Amino acid sequence: MSTIVSPPVPAAGNETVLSDTDVLIVGTGFSGLAIGTRLARQGRHSFALVDRASSVGGTWRDNTYPGAACDIPSHLYSFSFRPSTSWSHVYGRQPQILDYLERTAVEEGLLPHTFLDSEMLDAVWDEQAQRWDVRTSRGRHLATTLVTACGHLSDPAIPDLEGLDTFTGEIFHSARWNHDVDLVGKRIGVVGTGASAIQIVPELADLAESLTVFQRSAPYIVPRKDRAYSEAEKTMFGRLPETAQQLRAGLFWDSEARFPQRLGVPAFLAQMKKAARDHLAAQVADADLRDRLTPAYELGCKRILLSNTYYPALTQPHVRLETSGIARMTETGVVARDGSEIALDVLVVATGFEATDLPFAHRIRGRDGRLLSDHWAEGGRTVASTSVAGFPNLFVMQGPNTGLGAGSIVYIIESQAEYVSGAVDFIVDRESAIEPTVEAEDAYVADLDLRSQGTVWLSEGCRSWYRHPVSGRLSALWPDYMHRYRAENGAFDPAPYEILGSGRTVAAGQAR
Ligand code: NAP
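In this text, all values refer to a predicted model and were calculated from it rather than measured experimentally.

### Considering helix H3 (residues 94-107)
(1) Moving on: The end-to-end C-alpha distance of H3 is 20 Å, a good match for the 20 Å that 14 residues give at a rise of 1.5 Å each.
(2) Moving on: Those residues of H3 that sit buried are Gln 94, Ile 97, Leu 98, Asp 99, Tyr 100, Leu 101, Glu 102, Thr 104 and Ala 105.
(3) Moving on: In this structure, the buried residues of H3 make contact with helix H1 (30-42) and helix H2 (59-62).
(4) Moving on: Within two residues after H3, Gly 109 carries a phi angle of roughly 70°, on the positive side.

### A closer look at unusual backbone geometry
For residues besides glycine, phi is generally negative; the peptide bonds are generally trans as well.
(1) Moving on: One non-glycine residue with positive phi stands out, namely Asp 117, at about 50°.
(2) Moving on: The residue Asp 117 is located in the loop between strand E3 (114-115) and strand E4 (120-126) in this model.
(3) Moving on: Classification of Asp 117 by relative accessible area gives partly exposed; the value is 33%.
(4) Moving on: Phi is positive for Asn 401, close to 55°, though the residue is something other than glycine.
(5) Moving on: Here Asn 401 shows up in the loop between strand E18 (394-396) and helix H11 (409-430).
(6) Moving on: Classification of Asn 401 as buried rests on a relative accessible area of 2%.

### Quick notes on the domain arrangement of the protein chain
(1) Moving on: Here the protein chain is described as being made up of domain 1 (9-56 + 110-155 + 354-510) and domain 2 (164-219 + 258-349).
(2) Moving on: Here the C-alpha centre of domain 2 lies 34 Å away from the C-alpha centre of domain 1.
(3) Moving on: Contact between domain 1 and domain 2 buries roughly 1,200 Å² in total, counting both sides, with carbon and sulfur atoms accounting for 58%.
(4) Moving on: Contact with domain 2 buries surface across domain 1, with Ala 406, Val 456 and Tyr 481 losing the most and accounting together for 37% of the total.
(5) Moving on: Where domain 1 packs against domain 2, one counts zero salt bridges.

### Focus on the site of the ligand
(1) Moving on: Near the ligand you find 22 residues, and of these Asp 71, Thr 193, Ser 196, Ser 217 and Lys 302 are the closest.
(2) Moving on: Contact distances for the ligand include 3.4 Å between an oxygen atom and a backbone N or O atom of Gly 194.
(3) Moving on: About the coverage of the ligand: the protein hides 82% of its 910 Å² of free accessible area.
(4) Moving on: Tallying contributions element by element places helix H4 (residues 195-205) first for the shell around the ligand, with three residues.
(5) Moving on: Tallied by class, residues from the shell around the ligand come to 10 nonpolar, eight polar and four charged.

### Re the packing of helix H5 (residues 231-239) against helix H6 (residues 241-262)
(1) Moving on: Closest axis-to-axis distance for the H5/H6 pair is 4 Å, and the angle between their directions is 105°. It follows from the interaxial angle that H5 and H6 lie roughly perpendicular. Two secondary-structure elements touch here, H5 through Met 236, Phe 237, Gly 238 and Arg 239 and H6 through Pro 241, Thr 243, Ala 244 and Leu 247.
(2) Moving on: When grouped by side-chain class, the residues that make up the contact of H5 with H6 number five nonpolar, two polar and one charged.

### Here's the deal with the pattern of salt bridges
(1) Moving on: All told, the structure shown has 35 salt bridges when counted by the stated rule.
(2) Moving on: Across the salt bridge formed by Asp 62 and Arg 176, the nearest N and O atoms sit 3.8 Å from each other. Of this pair, Asp 62 sits in helix H2 while Arg 176 sits in the loop between strand E7 (170-173) and strand E8 (187-191), and the two are 114 residues apart along the sequence.
(3) Moving on: A salt bridge links Glu 119 to Arg 363, with the shortest nitrogen-to-oxygen separation between them at 2.8 Å. Highlighted residues: Glu 119 in the loop between E3 and E4 and Arg 363 in the loop between strand E16 (346-349) and strand E17 (364-365), separated in sequence by 244 residues.
(4) Moving on: Overall, Glu 119 belongs to the partly exposed group, its relative accessible area being 29%.
(5) Moving on: Among the charged side chains, a salt-bridge network with shared partners connects Asp 447, Arg 451, Asp 480, Arg 484 and Glu 488.

### Examining the sheet that holds E8
(1) Moving on: Spatial strand order, E7-E16-E8-E9-E12: five strands in an open sheet with parallel pairing. In this open sheet, the two strands that pair with only one neighbour each are E7 and strand E12 (319-322). With direction set aside, neighbouring strand axes in the sheet form an average angle of 15°.
(2) Moving on: Note: E7 against E16, four bridges, orientation parallel. Within the sheet, the bridge partner assigned to Phe 172 lies in E16 and is Val 348.

Quick notes on the rules
- Residues numbered from 1 in each chain as written.
- Predicted model: local features only at pLDDT ≥ 70, side-chain atom pairs only at ≥ 80, totals over all residues.
- Heavy atoms only, no water.
- Helix = DSSP H or I, 4+ residues; strand = E, 2+ residues; numbered from the N terminus.
- Expected span 1.5 Å × (residues − 1).
- Buried < 20%, exposed > 50% of the residue type's maximum accessible area, 1.4 Å probe, protein only.
- Contact = heavy atoms within 4.5 Å.
- Domains from an automatic or database assignment.
- Buried area = accessible area lost by both parts, 1.4 Å probe.
- Salt bridge = Lys/Arg side-chain N within 4 Å of Asp/Glu carboxyl O.
- Near = heavy atom within 4 Å.
- Polar contact = N/O pair within 3.5 Å; in protein donor to acceptor, adjacent residues only side chain to side chain.
- Areas by Shrake-Rupley, 256 points an atom, 1.4 Å probe, with all protein chains shown as cover.
- Nonpolar A, V, L, I, M, F, W, Y, C, P; charged D, E, K, R; others polar.
- Axes fitted to C-alpha atoms, helices over the stretch in contact; angles between N-to-C directions.
- Parallel < 35°, antiparallel > 145°, perpendicular 65-115°, else oblique.
- Pairing = 2+ DSSP bridges.

Structural data, given as structure tokens:
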């Protein structure tokens, strides 16, 4: 599908009001398109979407690195309300997923509501007018309700390496791939061994003269049971939609069945660890390399990765796994902690995202001018992983405590879209602003903290971006089964809210 361009918008200074709607959605990835589609289908409320990029698609627009694919099966990693029968493989490739999202935007009629090349600069709650006033790089948007759908894997985390800016070769982040750089025959380095890196490394190994992978900690990797769907299967999914639904349901409960690993249940851990150990043993004959590829933390602490090609790539003679660490960068490459110097033409930093201190939170001011990032200084605090005390009519999709260790984030996103649309109905029907109480937020956070205890994510020696660096709280993940998320948080409940405005505050639960 061709690139979607922004609808014509008059050249605007930052003060020109470009939209005045019931709802403003920031971001057009899976989350933004989910709530946008819901509002469009419902047809009750006016809404607009803004995105800082020139096309829709969120992380699937931004991550164009070689080998980019999803490690959740596409029949589950897609909207239940827009099933696609044409997934080419069990695990969708990035171009196909992006195409799916672009089609969603077009076919659900979202583009006329969408302002592209519009980066949210700040969003301020206007107490007087009881609405959000959002400044973007192209102009202002006013809205009764603000929905951030910015994702937590949006802003690249660049490693703080000594001498990084002195390197004269090419350097780019995995999520900002520079396709102008010819990689054939080059000396390439990759920093990181996460979900992105293990997809990139086998592709680069095929192109590079030499490839050095800088590993800080070894991931657990299990076989990727991928295959192409046959034409007969795709036809069947189309003609008998219930077969695709059954497949989706099966994939969902397979994911749920893996959650006890994250609870640290020994039998479940042992089974998966054996799968990872056997995979490593089958693919890497060299004992020293195997040792260095063996994780030193509990399984599930970080994402369990799927690959059949990563280990074989590392066993090739021109590929080196560097585990001593990066001491510093020079003009010509990397000096490792063991003193060895590695000359490089290109360095790819596959070092993940700013996921603990979410950048958009530094741009949102609630009641009394409080910054959302200050409210979240020790980790995200919400009610229903979606709304925030002190921030009226704000709903955060894919923010704190929504990530998953096992399962499809699209399921959580759909649950949040349902919740947010119920909240928007409530707000519009009562012509009032709502905000969760501090007590409700405290109780929600305390409950999640309690549930997080005993999970592998908080186990000894487990360090990951799932935990907040200041408080150590499990602030990124939902610490329970997916279906429990939907049961508890998938429908708007006014009970934890109070109604604001006109100098009067009442408990929203009483206004039902
Ligand atoms: P990531 O999981 O955060 O991995 C970053 C890697 O960079 C880790 O190996 C990390 O080491 C390393 N690293 C970070 N800073 C470093 C430094 N200063 N020096 C050396 N190494 C450093 O990032 P990602 O691989 O981009 O994946 C992020 C998330 O995106 C995943 O968890 C997943 O949710 C999503 N993702 C999904 C898919 C998919 O197939 N669905 C594909 C790609 C990404 P440590 O482990 O030691 O911290």
